[in-house]
Amino acid sequence: MKISIITVCRNAENHFETAIQSVVAQTHGDIEYIVVDGASSDRTLDIAQRYSTHIHHLISEPDDGIYQAMNKGIQVATGDYLYFLNSDDYLKDQAVIQDVVTFIQSQSNCDFLYGNLEVRRGKHALEIKVPKPPEAIAEALMFYVDGPQHPASFFKRELFSILGLFDETYRISADYEWFLRMLQHGAIAIHYIPRTISSFSNQGLSGTAQSLSLKEVFRAQETLGLYQTESWLNRRISRLQEMVIDLNEKWYFAVNSPTSSTSTLPLLPPNKSAEISLQRNQALRHSLLSLIRSNQVNAPILPTLHQVDVVITYNEMNQQHGTGILLRRIFENHRNLLSLRTCDTYQGDHDFGDYSALIRLTKLAKSEICALLLRVLNGSTLRRILCIPYLIEDVKLAIALSDVFDVPLCTYLMDDHNIYSSIIPDDLMQELLQKSDLRLAISPEMRAAYQAKFNCPIWFAPPTLPTAFIRATPHSVDPHYLAEKTGVLIGNVWGAAWLKALRTTLRQAGLTVDWHPNPGRTPAIAADLDADGIRVQSEKPGSQLRLLLHRYPFTLMPTGMLDDTDDLPEVTRLSLPSRLIFTLATAHLPIIVMGSRDSAAAHFVETFQLGTVCSYDANSFAEAVAYVCDPTVQTQIRQRCAAMAATFACDDLADWLWRSLEQGHPADDRFEALIAQHPA
């Protein structure tokens, strides 16, 4: 299945390359990339020319706005489905297009597909927008919230022949008007894929012209017949009343707040009028919430469980990503476990816990979340809660569960979405950490950063492995691999910029690595990677992979450079890759960290003298390889790894975690003893 990706741009030299890189990194092999440039006067075209082998159509000429440019792209596209990637946005990860194609192929008929959208300011993510399901799109678009967004939508090419192109008389909201045309048609097969499609910059045109945008939204609603029935007109009037009265309520409380300064506020109606407005507002809010509730996806009702342990995560737990692998390993022998998640990004591929449920909390107030949980849990009793916070919804779910059931809560920080990435706001993170009886962090850097910011004790808990995976005596390297200086790369490479830099470095250095990706994540561009010196291997579970790794002289650990090219600085700075511990403890491999010396991975490797750090430069990389391939260095590092390996052996970390939760601090000092040697 061919996917046409269309990027329109003008004078986009500061961010355009990131968008291109995210397309180039896609694992799906059949992509047609179209770039429509509005006669840029900066370096935009130079950047496009550098990627000419990946850009199938490049149009550069003056245009009359973004929708005229998008229409030009539509008219030259030959793909089965079309996708519009803004020049200052990027695809969320390398598997987006492949996941979309797989989803479309699983449906009997799919004309239009939409997913989730990450919204960010600069490099910092603010939230994941989860839209309403297909049956609630009309309601969502009428309120102009929670509907499909074109940076997260895929259009069957034939739709533009049926419905027409984008209306170029709209400057900002032509995609909105087109969505209304699609709904009005009534015979379009619309589907929702529960995964994040792209990262959207809210500093573009639509984000800085809200007034014009709303005027165009109202114009589209008035022009098309979809919202002209009596029922829809009444709902639109009620919504406008709600907005006006909400503003009045905010004014009222601002004036009556003891800390407010009324000198800078407009004059308000007398308090009597404000009280009447508040009463009307409450009635309207009740009506509006009833309307919203009626359109929400029904959450599953669980069987009545007794003394169940709850683990809260952002998405499905499976073998395709590190968090899933780690949690499955931790709780492998644990029973009576309930897994709750707030989003699906792997098409429902979830294999964790004795019981599980997907609970979407978008736009729900805390009282509504508590009521929803009571309904879902159906009289169950809880014993303990573990939260792995990633999104706002995960945090809200953990706080609500803790408040309703009053049971011990542990928060385990595996990803940073508050300090270097601002998805989770300070007040929510503060509340979660304050209500937690035990707080853990996956790296010393994560521990230090959050402990300093939120002024509460946090303990180090690195990834661990089953004792059967651990070998106490050092492994020997395969002489052939040592002579060839062939390294190994395992797991996922999350940053598109990281993968691009890795490919360039290996190609220029003339060296080779074997890449063992996580199960289900094999890239479709294996032939391209092979030309760069990256040989993609067949998928293997960890139990098999550990038996093969020791033959390699080193493992590569790509991270970011913490410069303008780093698309995941929060991961670079604070996350300790679980695959680092895996290779250290099972195969005793010397580690080459590629990227910044200030990364969490680099700190760990240099502190414990387990390898070296190099930049994404052919000479720097060649020097690093020569160093770790020295026979004496090989022996020394493998001995250090073997000596440390037992620290990460734990057949039942779940038991350690629950005992630590009961005590309010680690049940023993096995990990704290390590952190005493660490600079963080």
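A quick note: this is a predicted structure, and the numbers were derived from the prediction, not measured.

(A) The arrangement of the overall build of the protein in detail. A tally of regular secondary structure across the protein gives 26 helices and 22 strands. Looking at the 680 residues of the protein, the share that counts as buried comes to 56%. Considering only contacts within the protein whose residues lie at least 6 apart along the sequence, 75% involve residues at least 24 apart. Here the protein displays about 27300 Å² of accessible surface, and carbon together with sulfur accounts for 50% of that area.

(B) Examining helix H21 (residues 578-587) more closely. Counting buried residues in H21 gives nine out of ten residues, a clear majority hidden from the surface. Every buried residue of H21 is listed here: Arg579, Leu580, Ile581, Phe582, Thr583, Leu584, Ala585, Thr586 and Ala587. Downstream of H21 by a residue or two, His588 has a phi angle that is positive, lying close to 60°.

(C) Representation of the packing of aromatic side chains. Under the definition given, this model contains 25 aromatic pairs. Taking 4.7 Å as the distance between ring centres and 20° as the angle between the ring planes, the aromatic pair formed by Tyr83 and Phe154 counts as stacked. With Tyr83 in strand E4 (residues 81-84) and Phe154 in strand E8 (residues 153-156), this residue pair connects regions lying 71 residues apart in the sequence. Residue Phe154 is classed as buried on the basis of its relative accessible area, which comes to 0%. Judged by centre distance (5.2 Å) and plane angle (35°), the rings of Phe160 and Trp178 are tilted. Taken together, the positions of Phe160 in helix H6 (residues 159-163) and Trp178 in helix H7 (residues 174-185) put the pair 18 residues apart, joining distant regions of the chain. Accessibility expressed as a relative area gives 6% for Phe160, which makes it buried.

(D) Main features of the nonpolar core. Of all hydrophobic cores here, the largest spans 152 residues; its most connected members are Phe331, Leu401, Leu580 and Phe604. In terms of residue count, helix H13 (residues 392-405) provides more of this core than any other element does, eight residues in total. Of all hydrophobic cores here, the second largest spans 33 residues; its members include Phe16, Ile31, Leu91 and Cys110.

(E) Highlighting the sheet that holds strand E16 (residues 459-460). Strand order in the open sheet formed by seven strands is E12-E11-E10-E13-E14-E15-E16, with parallel pairing between adjacent strands. At either end of the open sheet lies a strand with only one pairing partner, and these are strand E12 (355-358) and E16. Strand direction decides the pairing type here: strand E10 (residues 308-313) and strand E13 (residues 382-387), joined by five bridges, are parallel. Bridge pairing links Val310 to Ile385 in E13.

(F) Seen up close, unusual backbone geometry. For Gln347, which is not a glycine, the phi torsion comes out positive at approximately 55°. Looking at the element boundaries, Gln347 is found in the loop between strand E11 (337-341) and E12. Gln347 sits in the partly exposed class, given a relative accessible area of 34%.

(G) Fine view of the pattern of salt bridges. Counted by the stated rule, this structure contains 24 salt bridges. A salt bridge links Asp403 to Lys435, with the nearest nitrogen and oxygen atoms 2.8 Å apart. Placement of Asp403 in helix H13 and of Lys435 in helix H14 (residues 426-435) is noted, with a sequence separation of 32 residues between them. Residue class for Lys435 comes out partly exposed when judged on its relative accessible area of 28%. Within this structure, Lys366, Asp403, Glu431 and Lys435 form a network of salt bridges that share partners.

(H) Here's a closer look at the packing of helix H12 (residues 366-377) against H13. Two elements in contact, H12 and H13, have axes separated by 9 Å at closest approach and are oriented at 70°. When the axis of H12 is compared with that of H13, the two are roughly perpendicular. Residues Lys366, Ile369, Cys370, Leu373, Leu374 and Leu377 of H12 pack against Lys396, Leu397, Ile399, Ala400, Leu401, Asp403, Val404 and Phe405 of H13. Residue classes in the contact of H12 with H13 are distributed as eleven nonpolar, no polar and three charged.

(I) How the structure looks around helix H23 (residues 618-628). Buried residues of H23: Ala618, Phe621, Ala624, Val625 and Val628, and no others. Down the axis of H23, the smallest arc covering the buried residues is 130°, so these residues share one side. Along H23, exposed side chains directed more than 90 degrees from the buried face belong to Asn619 and Glu623. Buried residues in H23 make contact with helix H17 (496-509), strand E20 (555-558), strand E21 (591-594), strand E22 (611-614) and helix H24 (631-645). A distance of 3.1 Å separates the backbone nitrogen of Asn619 from a side-chain oxygen at the start of H23, and that oxygen is part of Asp617.

Rules used throughout
Residues numbered from 1 in each chain as written. Predicted model: local features only at pLDDT ≥ 70, side-chain atom pairs only at ≥ 80, totals over all residues. Heavy atoms only, no water. Helix = DSSP H or I, 4+ residues; strand = E, 2+ residues; numbered from the N terminus. Buried < 20%, exposed > 50% of the residue type's maximum accessible area, 1.4 Å probe, protein only. Contact = heavy atoms within 4.5 Å. Areas by Shrake-Rupley, 256 points an atom, 1.4 Å probe, with all protein chains shown as cover. Phe/Tyr/Trp six-rings, centres within 6.5 Å; stacked < 30°, edge-to-face > 60°. Core = buried A, V, L, I, M, F, W, Y, C linked by side-chain atoms within 4.5 Å. Pairing = 2+ DSSP bridges. Salt bridge = Lys/Arg side-chain N within 4 Å of Asp/Glu carboxyl O. Axes fitted to C-alpha atoms, helices over the stretch in contact; angles between N-to-C directions. Parallel < 35°, antiparallel > 145°, perpendicular 65-115°, else oblique. Nonpolar A, V, L, I, M, F, W, Y, C, P; charged D, E, K, R; others polar. Arc of directions from axis to C-beta. Polar contact = N/O pair within 3.5 Å; in protein donor to acceptor, adjacent residues only side chain to side chain.

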